[in-house]
Amino acid sequence: MLFESSLSSPETRGSTPFIRVVIPFAAGILLQYYTDMHVYTFLLAIPLLTAAWLYPRVPAEWRFRLRGGQALLLWTCLLFVGALRLYLADERRHPAFYQQFYHAGDRVLLEVTAPPLQRQHHSSFVAKVRYIQHNGRIFSPKGKINVNADKRLTDSIRWGSLLLTAHTLSPIRNRPGAGFDYQRYCADKGIYHQLYLPFTGYHPAGTAPVNPISRWLYEASAFCIRAFNRYIGPGPEAGMAAALLIGDRQGLDKALVRDYSNTGIVHVIAISGMHLSLLYASLLLALAWLPRGRYTDLLKALLILAFLWGFTFLTGASASVLRAAVMFSATTLGRFVLARKSNIYNALAASAFVLLAVDPYLIIDTGFQLSYLAVLSILLFQQKLYQRLHCRYKWLDYLWQMAALTLAAQLLTTPLCLYYYHQFPTWFLLANLVAVPLSTFIIYGEILMLLLTPVPFLAEWIGRGNRFVIWLLNCSVRKIGELPLSLLTDLPCNRLLLVLQYLALAALALYWYHRFAAARLALICCLNLALLTVLWLQWQPAAQPCHVQHYTLHQGRRTVRISTTLPDARPPKKFRTNYILLTRNPPVDIRQIAALYDFDTLLIGAGNSKQRIEQWKNDCYVLTLRFISVPDQGAYVINF
């Protein structure tokens, strides 16, 4: 981000129209997201549009008197435009949404829209609903679902496969007690149902054509992974290499990911604006030999844009990468095509407006929020922090410049991280000073290795060097994570405290740039209110524990028989049992059972309805719980 923040100075003069546009537009999206306004509410925009149409036609004297109302009118119209954009983006509003036609037991034709991901016990993929057959009628709906398939189907289900099944679609639900709202996460991606496919649970119905560009990107990603496994060697180093360059995290070790997260440098293994800025700097350096001219500048712009967006889609087009791609695209066009520099704040706001106009659900994406806050924080605070300390030696000055950049990026992102994750890595500065240079070296080494794959001897030596540096990076991060008090957890932070922290940072920025005495007073007041809020959250009485009655024991092995509803209250500690038997079709949810019991095997009896059995099996597969379905697998004998 150091290179990225220096592309255009924050002091660059120029108009910033997109800042005035993106704020009400984003506010409208958030208003619709949290209030879910009815479609008739948008009729209120008609008088606003009428007033906007009449405003230029009134006498100049009245326009001058109402000049303040003109801005308010524009902001209100943009507010409704943002809300309407999110309303139209919700696939459930579409008249052809599959849920309006589907009933349990209907035959559904699914199209696999991406390569299936191989999990430990199953494969998972997103499938598009092609058609639904209900009571002899065929509907062509719109929508997609999550599918978890039996591990034995790995070789038969591929990208583009058409699958015909009559298994029941079940709604996506959260696991009780889970901190992550998986249901909302899937809904924001337009996915509301899931399906489990057993080994004999579908009929192949041919294949659908795959987009050639998407297939080429997939093959390029597969080529990189093969090269990493061959020249770097199989193991955690190859998985780290794939994560650093192309964003493929399937080969990452879970403990290693936890180390990077606990030290505050998970952005290193998650493709972000830093990776795109390195690519952009490399492209500028590689094309510097071309002379300046109208056609050569146009050629530079086309090559840079092609590489930027090719890398963006190759790595999965995450929110932070999209933000950087849009900003670098605007910078490239301004530099090589329009020969003009723009205000960096306006470029940042313009990229946010473009991305939200295309996909309004990005606004609640954590990566999107943290990416924009990090760049804005660097622009606002990096120079101010850097100017606080002057270093005589060049190497020390460069080290302080990196430290100031890290501290500046942390200022606006920390409150949001506290709100979402309630933890803070205390050694983030040391971790960044170690990880960022090493990861930069690794990324350039991987690119060089891929370019030298036609010469296996050289590629192998470069791969060995990359393997050593990756090992050094992982060891350094692990050692930093083992330092005392490396991670502060269970930190209290609610919405009030989040707002107070950002008000304090806004007051700090106003005071640093304009020396307002009122800003300093506001900063002190916000910090004191934030401290009182923390004390109030710490002194809240703990929730009273609830009690759940358990039963049944057979010769040292516990078996719980569930045939009725379960209590809603959760016990302070789960009841440990070996088996749980579901019989007489109880109206229970697997997630509710998992919240109350710690068990080895779930037994599904034959006296349950077929629809409920399918839903239980699907939920068990999603939650990776061991289960035995007697109707499908026959009698199950327990030897006590």
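Just so we're clear, the structure is a prediction, and the values are computed from it rather than from any experiment. (Residues numbered from 1 in each chain as written. Predicted model: local features only at pLDDT ≥ 70, side-chain atom pairs only at ≥ 80, totals over all residues. Heavy atoms only, no water.)

Would you mind going over helix α18 (residues 495-514) with me for this structure?
Helix length check: α18, at 20 residues, gives a terminal C-alpha distance of 28 Å against a target of 28 Å (1.5 Å per residue), a fit within 8%. Inspection of α18 places Leu497, Leu498, Leu500, Gln501, Ala504, Leu505, Ala507, Leu508, Ala509, Tyr511 and Trp512 among the buried residues, and these make up the whole buried set. Contacts made by the buried residues of α18 are with α14 (366-386), α15 (394-421) and α19 (517-538). Positive phi shows up at Arg515, right after α18, with a value of about 55 degrees. (Helix = DSSP H or I, 4+ residues; strand = E, 2+ residues; numbered from the N terminus. Expected span 1.5 Å × (residues − 1). Buried < 20%, exposed > 50% of the residue type's maximum accessible area, 1.4 Å probe, protein only. Contact = heavy atoms within 4.5 Å.)

What am I meant to see in the nonpolar core here?
Proteins that are soluble and globular tend to have nonpolar side chains buried together. Leu355, Leu356, Phe368 and Phe381 are the most contacted members of the largest nonpolar core, which has 47 residues in total. Of all elements in the fold, only α2 (17-35), α12 (319-337), α13 (344-358), α14, α15, α18 and α19 reach the threshold of two or more residues within this core. Apart from the residues within four sequence positions on either side, Phe368 is in contact with Ala319, Ala352, Leu355, Leu356, Leu362 and Ile363. In terms of nonpolar packing, the next biggest core, distinct from the first, is built from 33 residues, Cys224, Tyr231, Met240 and Ile470 among them. (Core = buried A, V, L, I, M, F, W, Y, C linked by side-chain atoms within 4.5 Å.)

Can you help me understand the confidence of the model for the protein chain in this one?
Interpretation of the predicted coordinates at a detailed level should be avoided for regions scoring low in pLDDT. Looking at the protein chain as a whole, its pLDDT mean stands at 79, while 88% of the residues score no less than 70. Within the protein chain, the element-level pLDDT minimum falls on helix α1 (residues 2-5), averaging 46, and the maximum on helix α17 (residues 456-481), averaging 88. Scored below 50 in pLDDT, residues 1-13 makes 38 contacts in the model with residues more than four places away or belonging to other chains. Contacts from residues 542-550, a stretch scored under 50 in pLDDT, to residues over four places away or in other chains number 12 contacts. (pLDDT = per-residue confidence, 0-100.)

What should I look at first to understand the layout of surface pockets in this one?
If a probe as big as a water molecule is rolled over the atoms, it shows which places are left empty. Its boundaries defined by the atoms lining it, the second largest pocket holds a volume of some 760 Å³. Around the second largest pocket, the lining is made up of 26 residues, and of these Leu279, Phe307, Phe311, Leu314 and Ile447 lie nearest the centre. Elements with a minimum of two residues in the lining of the second largest pocket: α7 (212-232), α8 (236-246), α10 (273-286), α11 (294-314) and α16 (428-451). By residue number, the principal contributor to the lining of the second largest pocket is α11, which donates seven residues. Residue classes in the lining of the second largest pocket are distributed as 23 nonpolar, three polar and no charged. (1 Å grid on protein atoms, 1.4 Å probe; cavity = no way out; pocket = protein on both sides within 12 Å on 5 of 7 lines; lining within 4 Å. Points joined across faces, edges and corners; volume = space filled by probe spheres on them. Nonpolar A, V, L, I, M, F, W, Y, C, P; charged D, E, K, R; others polar.)

Help me out: how do you make sense of the sheet that holds strand β17 (residues 627-629) in this one?
Backbone-to-backbone hydrogen bonds join strands into a sheet, with any given pair of strands oriented parallel or antiparallel. With parallel pairing, the four strands of this open sheet are ordered in space as β12-β14-β16-β17. Among the strands making up the open sheet, the edge pair consists of β12 (559-562) and β17. Shown here is a sheet whose adjacent strand axes are inclined to one another by a mean of 20 degrees, direction ignored. Pairing of strand β16 (residues 601-604) with β17 involves three bridges; the strand directions are parallel. Note that in β17 the partner of Leu602 across the bridge is Phe627. (Pairing = 2+ DSSP bridges. Axes fitted to C-alpha atoms, helices over the stretch in contact; angles between N-to-C directions.)

Would you mind showing me how to read the environment of Trp512 here?
Checked against the element boundaries, Trp512 lands in helix α18. Residue classification places Trp512 among the buried positions, given a relative accessible area of 16%. Beyond its immediate sequence surroundings of up to four residues, Trp512 is in contact with Phe381, Lys384, Leu385 and Arg388.

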